[in-house]
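# What the coordinates show
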Amino acid sequence: PVFFLTPPPPYPILSGLVGSEMCIRDRDLSDIFRSDKIHAAFSLKTLFNSGNERKLLSSLINLDPKKIVTPEQIHSSEVKIVDTPGKISSTDAIISSSKSLVLSIQVADCIPLYLADPYNNVIGLVHAGWRGIEKGIVENSINKMISKGAHSNKIIAYIGPSIHKCCFEIGPDVSKKFPRNFQIFSNSDRSFLDLQELTKNILIKNSVLHKNIISSNECTKCNSDKFFSYRNTGSKSGRMIGVIGLT
């Protein structure tokens, strides 16, 4: 069954063990998509398993850790339809209608954008940083889903934890690439960009219904106890993992 009229319940916390010592606490997002066929999760900073985080997170929500799709993220607008597990070169969004596949991405301030049409069983996962958004990755992802049989007015979108306008300061070279109404300007030549509202606007322009867009209010830079943030720690930053799959 699929329902859209009521808001999703609070995110359940996943609990488990890494080896024999570390406790895992991560977010099961499956209820957002209102279908028992769609499972999704997003890791917190506490998920650490020596490179096996994607497998562990998948297992915690009953997805097959042997069927993971891992894109080589390059901050592009490239979107690929996938039917088999494995590594995908030079892409930042993956779309599928294949059962048992696990789509995955990694982020540390960029938006993890989850997409799913639970009526037509098409899913997508997007690494949406400012470069990819400016190049059209959100629109491209919706179009690829439609090519696989999704209907835009049936797609549910979740804009996950990411850097918010309170912390996402940009210079004039980046500022000029985006509409001014999604920026807060100071007395200097710098501004603060609202990537979440911009993404929501792009989704709506591509016929995703406003009521089917859920956006996290958590800023990754502000909440360093929960999330990795590139803006906080630079190249030494870890990464959160996002997964979604059909069963």
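Residues numbered from 1 in each chain as written. Predicted model: local features only at pLDDT ≥ 70, side-chain atom pairs only at ≥ 80, totals over all residues. Heavy atoms only, no water.

### A few points about the layout of surface pockets
In this structure, the largest pocket occupies an estimated 450 Å³ of space. Of all the elements in the fold, those that place two or more residues in the lining of the largest pocket are strand S8 (102-107), helix H2 (130-135) and helix H6 (230-233). Considering only residue class, the lining of the largest pocket consists of nine nonpolar, five polar and five charged. (1 Å grid on protein atoms, 1.4 Å probe; cavity = no way out; pocket = protein on both sides within 12 Å on 5 of 7 lines; lining within 4 Å. Points joined across faces, edges and corners; volume = space filled by probe spheres on them. Helix = DSSP H or I, 4+ residues; strand = E, 2+ residues; numbered from the N terminus. Nonpolar A, V, L, I, M, F, W, Y, C, P; charged D, E, K, R; others polar.)

### Comments concerning the sheet that holds strand S9 (residues 111-117)
The pairing of strands in a sheet happens through backbone hydrogen bonds and is either parallel or antiparallel. One open sheet holds the six strands; their spatial order is S5-S7-S10-S9-S11-S15, and the pairing between them is mixed. For this open sheet the edge positions go to strand S5 (79-81) and strand S15 (213-215), each flanked by a neighbour on one side alone. In this sheet, adjacent strand axes meet at a mean angle of 15° when their direction is disregarded. Bridge count for S5 against strand S7 (residues 93-96) is three bridges, and the pairing is parallel. (Pairing = 2+ DSSP bridges. Axes fitted to C-alpha atoms, helices over the stretch in contact; angles between N-to-C directions.)

### Some points on the side chain of Arg 34
Summarising the element assignment, Arg 34 is placed in the loop between strand S2 (22-28) and strand S3 (38-42). Lacking a salt bridge, the buried Arg 34 has Asp 31 as its closest oppositely charged neighbour, with an N-O distance of 5.4 Å. (Buried < 20%, exposed > 50% of the residue type's maximum accessible area, 1.4 Å probe, protein only. Lys, Arg positive; Asp, Glu negative; His and termini not counted. Salt bridge = Lys/Arg side-chain N within 4 Å of Asp/Glu carboxyl O.)

### Quick look at the confidence of the model for the protein chain
Chain-level statistics for the protein chain give a pLDDT mean of 90 and a share of 88% at 70 or above. Overall, residues 1-11 carries pLDDT values under 50, and its contacts beyond four positions in sequence, including any with other chains, amount to 26 contacts. Segment residues 15-25: pLDDT under 50, and 25 contacts once partners within four positions in sequence are set aside and those in other chains are kept. (pLDDT = per-residue confidence, 0-100. Contact = heavy atoms within 4.5 Å.)

### Let's talk about the environment of Ala 157
Among the structural elements, Ala 157 can be located in strand S11 (residues 156-159). Sequence-wise, Ala 157 and Val 208 are 51 residues apart; in three dimensions their C-alpha atoms are separated by 8.0 Å. Beyond its immediate chain neighbours, meaning those up to four positions away, Ala 157 contacts Leu 113, Tyr 114, Leu 115, Leu 203, Asn 212, Ile 213 and Ile 214.

### A word on the pairing of S11
The two faces of S11 match: Ile 156 and Tyr 158 on one face and Ala 157 and Ile 159 on the other face are all buried. Relative to S11, S9 runs antiparallel, the two sharing four bridges. Of the residues in S11, the one forming a bridge with Tyr 114 is Tyr 158.

### A short note on the state of the cysteines
In total, this model carries zero disulfides according to the counting rule given. In this structure Cys 219 is not part of a disulfide, and its nearest cysteine sulfur, from Cys 222, lies 3.8 Å away. Among the residues examined, Cys 219 registers a relative accessible area of 4% and is labelled buried. Here Cys 222 is not cross-linked by a disulfide; its sulfur's nearest cysteine counterpart is in Cys 167, at 3.5 Å. Residue classification places Cys 222 among the partly exposed positions, given a relative accessible area of 48%. (Disulfide = S-S within 2.5 Å.)

### Focus on the nonpolar core
Inside soluble globular proteins, nonpolar side chains tend to come together where they are buried. One finds Leu 113, Leu 115, Ile 133, Leu 195 and Leu 203 to be the most contacted residues of the largest nonpolar core, which totals 34 residues. Breaking this core down by element, the ones donating at least two residues are S7, S9, strand S10 (122-128), H2, helix H3 (137-147), S11 and helix H5 (195-205). Apart from the residues lying within four places of it in its own chain, the contact partners of Leu 203 are Leu 113, Leu 115, Val 138, Ile 142, Ala 157, Ile 159, Val 208 and Ile 213. (Core = buried A, V, L, I, M, F, W, Y, C linked by side-chain atoms within 4.5 Å.)

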